[in-house]
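Take a look at the letters that make up each chain.
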Amino acid sequence: MQQDILLLQPRAADVNPLRLAGLPDHTDVVMNGQPAQLVKIAVANGEGVLTDQKALAVKTGKFTGRSPLDKFAVRDATTEHTIDWGSVNQPFDADRFAELYARMQAFVQDQTVYAQQVLVGAASAYQLRAEIITTKAWQSLFVSHLFLHPTEAELVDFTPDWTVLCVPEFMADPATDGTRQTNFTIVDFTRRVVLIGGTEYAGEIKKSMFTVMNYTLPEAHDVLPMHCSATVGKAGDVALFFGLSGTGKTTLSADPTRRLIGDDEHGWADTEKAMPGIFNMEGGCYAKVIKLNPAQEPRIFGAIRTGTVLENIGFYDGLRAVNYHDDTLTENTRAAYPLRYADPYAQPFVEAQPKHVFFLTADASGVLPPLASLTEKQAMAFFLTGYTSKLAGTEMGIVQPKPTFSPAFGAAFLPLPATRYADLLAKRIRQSGAKVWLVNTGWTGGGYGVGARMPLAATRALINAVLSGQLNPATWQPHPIFGVAVPTQCPGVADALFSPTAGWADTDAYQVEAQRLLGAFANHLHGFVGTAGVADLLEGAAL
C-alpha cells in the first residue's frame with residue numbers, strides 16, 4: 001500500500017535533525033540532556049523540587065491525566081482509508097495542522113527547548129527513531145527515562161523518522177484552529193509529526209508514540225502492538241498482562257522472582273521470521289504511585305530515587321518526604337524512571353513467545369471471578385470487549401471507577417479497526433500455544449461502593465499458581481453466567497473467594513447485576529457482527 005511505503009521511507013540523511021521541527025537556527029537547544037543536568041535545570045527554572053529521596057517532584061497544572069477528547073489525527077490521502085475514524089480517532093484538517101505547526105514554531109523561537117533523540121521499539125527491525133522536543137526540562141527528563149537510547153555511533157548520523165513538538169505553554173484557539181479546547185494532541189501520519197500543546201501532562205508524549213506504533217506495526221510488519229506489561233521467569237517463560245492504566249499491569253509485573261521486560265507497551269512478532277517474539281517499545285516505566293506501599297510494591301518504591309520524576313504527589317507538612325496517600329491534585333500520581341531502576345529487568349528488552357497471557361479487568365460491578373481460564377474464542381471475545389473500569393484520575397474527568405469497553409484494552413490508542421488487532425492476537429496465540437486467563441483486579445462481594453477491592457495478595461497468589469503450574473485441573477467449574485472455567489481452590493487464597501456470590505449480602509442482587517453485565521457484553525460484541533469470525537466468537541463465548 002502507498003501509505004505503508006510512505007511511513008517506511010527514511011528521511012534524507014543530510015537534513016539537520018533540529019530543522020525537521022522547523023525551529024529557527026537561533027533557537028537555544030539543549031540536545032540529549034543527561035538526567036543530572038536536566039534535574040538541575042528543572043529545579044533552577046522552578047519546574048519542580050527535590051524530595052528527600054532526590055526524586056524530582058513536578059506538578060502538571062490543570063491536566064493531571066490524558067485528555068482523549070482532545071486527541072486528533074490528520075485526515076488526508078495517507079489516512080483516509082486506513083484509520084478507523086470516529087469518537088476515538090477524530091479527524092483534523094491538514095491545512096489547519098500546517099498553520100498550527102507554524103505558529104508553534106514561531107512561539108518557541110526565542111525560548112530554550114530541550115530535545116531528545118530516542119528510539120521506539122527494542123527490536124531493531126521494527127524500530128522508529130524519534131526526536132522529541134519540549135520547552136520543559138523535566139519533560140525532557142521524562143522522555144529520556146521512558147524511551148530507548150541510540151548508541152553513540154547511531155547518534156552521529158541520527159535522522160528521526162518522527163518528530164514530536166510539545167509546548168505546554170502554547171494554547172490553541174478553537175475557533176481558528178479547529179480544536180475542541182485550548183489543549184490538543186494531533187498526529188500527522190504524512191508529515192510524521194506530533195503536535196502537543198496546552199497540557200503539561202507527560203503521558204500525552206508517551207501515548208502519542210504508542211499510537212504511531214499501533215498504526216505502523218500491524219500493516220507494515222504484521223506485528224501486534226499491545227497495551228500490556230511483560231515479565232520473564234528463570235526458565236525463560238514469558239507472561240503478558242493486558243489492561244488499562246490502573247488495573248495492575250505495573251504492580252503485577254513487579255515480581256522480584258521474574259525479570260521485567262516492560263510495564264506498558266510491547267510488540268508481539270512472528271518468530272518464524274527470525275525475530276524476537278516479545279519486545280518492549282520503551283526503556284522505562286510510568287507507574288501509578290497513589291497509596292504506594294513499600295511492603296506490597298517494593299520494586300516500584302525502590303525505583304523512586306535520584307532522577308526519578310514524580311508527578312502531582314504531595315508532601316508531609318514541612319518535610320520533603322512524599323505522602324503517597326495525598327490525592328489533593330489527583331489519584332493519578334505517577335513515577336517515571338528508567339527500566340534499570342526496576343531491577344531485575346530483562347536486557348535487551350526482547351524475549352521469546354509468551355506462555356501465558358493475562359487480561360486484567362477492574363470489574364466495578366463485582367461480578368467477574370478472581371481468575372478464569374479462557375478458550376481461544378472466549379479470549380477473542382474478551383479482547384474485543386476489553387471490559388474494565390477506568391480508574392480515578394487516569395483520564396480527565398474520571399473521579400471514580402467507570403465501567404467501560406475498551407477493545408484490545410487500549411482503544412484510546414488504536415488507529416486501526418479493533419478487529420485488526422484481534423486477528424493478530426488470535427494468530428499469535430495459535431502460533432505460540434499461549435494460555436489466556438481473565439483476572440479480576442476490581443471488586444468482589446459487590447460493586448464499587450458496596451463490595452471490597454480484590455485483595456492484591458490473592459491476585460498475586462493466583463498468578464503465581466498459574467505461572468508455577470500449581471492449579472489442580474480437577475478443581476475447576478464453569479462460571480454460572482459467563483461460562484468461563486473458574487478454579488475452586490488455590491494455595492494461599494480463601495476458597496470462598498471463588499464462589500460467584502462470595503461476600504454478596506443479597507444473592508438476588510448479584511444475579512441482577514450479573515445479567516446486566518452480560519447484556520452489556522453482548523450489546524458491545526454485537527457491534528462487531530458482520531466482521532469475519534465475530535458471530536462465531538459470540539456463540540463460542542456464550543455471549
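Calculation rules
- Residues numbered from 1 in each chain as written.
- Predicted model: local features only at pLDDT ≥ 70, side-chain atom pairs only at ≥ 80, totals over all residues.
- Heavy atoms only, no water.
- Pairing = 2+ DSSP bridges.
- Helix = DSSP H or I, 4+ residues; strand = E, 2+ residues; numbered from the N terminus.
- Axes fitted to C-alpha atoms, helices over the stretch in contact; angles between N-to-C directions.
- Contact = heavy atoms within 4.5 Å.
- Parallel < 35°, antiparallel > 145°, perpendicular 65-115°, else oblique.
- Nonpolar A, V, L, I, M, F, W, Y, C, P; charged D, E, K, R; others polar.
- Core = buried A, V, L, I, M, F, W, Y, C linked by side-chain atoms within 4.5 Å.
- Buried < 20%, exposed > 50% of the residue type's maximum accessible area, 1.4 Å probe, protein only.
- Salt bridge = Lys/Arg side-chain N within 4 Å of Asp/Glu carboxyl O.
- Polar contact = N/O pair within 3.5 Å; in protein donor to acceptor, adjacent residues only side chain to side chain.

Taken together, eight strands build an open sheet; the order of strands is β1-β6-β7-β8-β10-β9-β4-β5 and the sheet is mixed. At either end of the open sheet lies a strand with only one pairing partner, and these are β1 (28-31) and β5 (90-92). If you compare each strand with its neighbour and ignore which way they point, the axes differ by 25° on average. Its contacts with the sheet put helix α4 (residues 137-146) on β6 (112-120), β7 (128-134) and β8 (162-167), and the angle it makes with β6 is roughly 10°.

This paragraph deals with the packing of helix α10 (residues 376-385) against helix α13 (residues 507-526). One way to put it is that α10 packs onto α13 with a least axis distance of 10 Å and a crossing angle of 85°. With respect to each other, α10 and α13 are oriented roughly perpendicular. Contact residues: α10 offers A381, F382, L384 and T385, while α13 offers F521, H524 and L525. Residue classes in the contact of α10 with α13 are distributed as five nonpolar, two polar and no charged.

This paragraph deals with the nonpolar core. Within the largest apolar cluster, 147 residues are counted, with the highest numbers of intra-cluster contacts made by L240, W268, F358, F359 and F482. Setting aside residues no more than four positions away along its own chain, F359 makes contact with F242, L374, A379, F382, F383, F409, L425, V436, W437, L438 and V439. Grouped together as the second largest cluster of nonpolar side chains are 21 residues, L23, Y101, V108 and I133 included.

The subject of this paragraph is the pattern of salt bridges. One pass over the structure, following the stated rule, counts 20 salt bridges. A salt bridge links D177 to R103; its shortest N-O distance comes to 2.5 Å. Remark: R103 occurs in helix α3 (residues 94-107) and D177 occurs in helix α6 (residues 174-177); sequence separation between them is 74 residues. Given a relative accessible area of 2%, D177 falls into the buried group. According to the relative accessible area criterion, R103 is partly exposed, its value standing at 33%. K207 is paired through a salt bridge with E265; the nearest N and O atoms lie 3.0 Å apart. Of this pair, K207 sits in helix α7 (residues 203-221) while E265 is found in strand β14 (residues 265-268), placing the two residues 58 residues apart along the sequence. The exposure class assigned to K207 is buried, which follows from its relative accessible area of 7%. Note on E265: relative accessible area 2%, which makes it buried.

Along the chain, the position of S406 falls in the loop between β25 (402-405) and α11 (418-432). One polar contact links the side chain of S406 to the main-chain amide nitrogen of A411, over a distance of 2.9 Å. Ignoring anything within four residues of it in the chain, the contact list for S406 reads L244, T385, G386, A411 and A412.

So, on to the sheet that holds strand β20 (residues 334-338). One open sheet holds the five strands; their spatial order is β2-β3-β17-β20-β16, and the pairing between them is mixed. With partners counted over all chains shown, the strands left at the sheet margins are β2 (48-50) and β16 (284-288), one partner each. Pairwise comparison of adjacent strand axes, ignoring direction, gives a mean angle of 25° for this sheet. Pairing analysis gives three bridges linking strand β3 (residues 56-58) to strand β17 (residues 309-311), with the strands arranged parallel. Bridge pairing in β17 links L56 to V309. Taken strand by strand, helix α2 (residues 35-44) contacts β2 and β3, and its axis lies near 120° from that of β2.

This part takes up unusual backbone geometry. The omega torsion across D343 and P344 is 0°, close enough to zero to call that bond cis. By secondary structure assignment, the location of P344 is in the loop between β20 and β21 (350-351). With an omega of 20°, the peptide bond running from Q347 to P348 counts as cis. Tracing the chain through its elements places P348 in the loop between β20 and β21.

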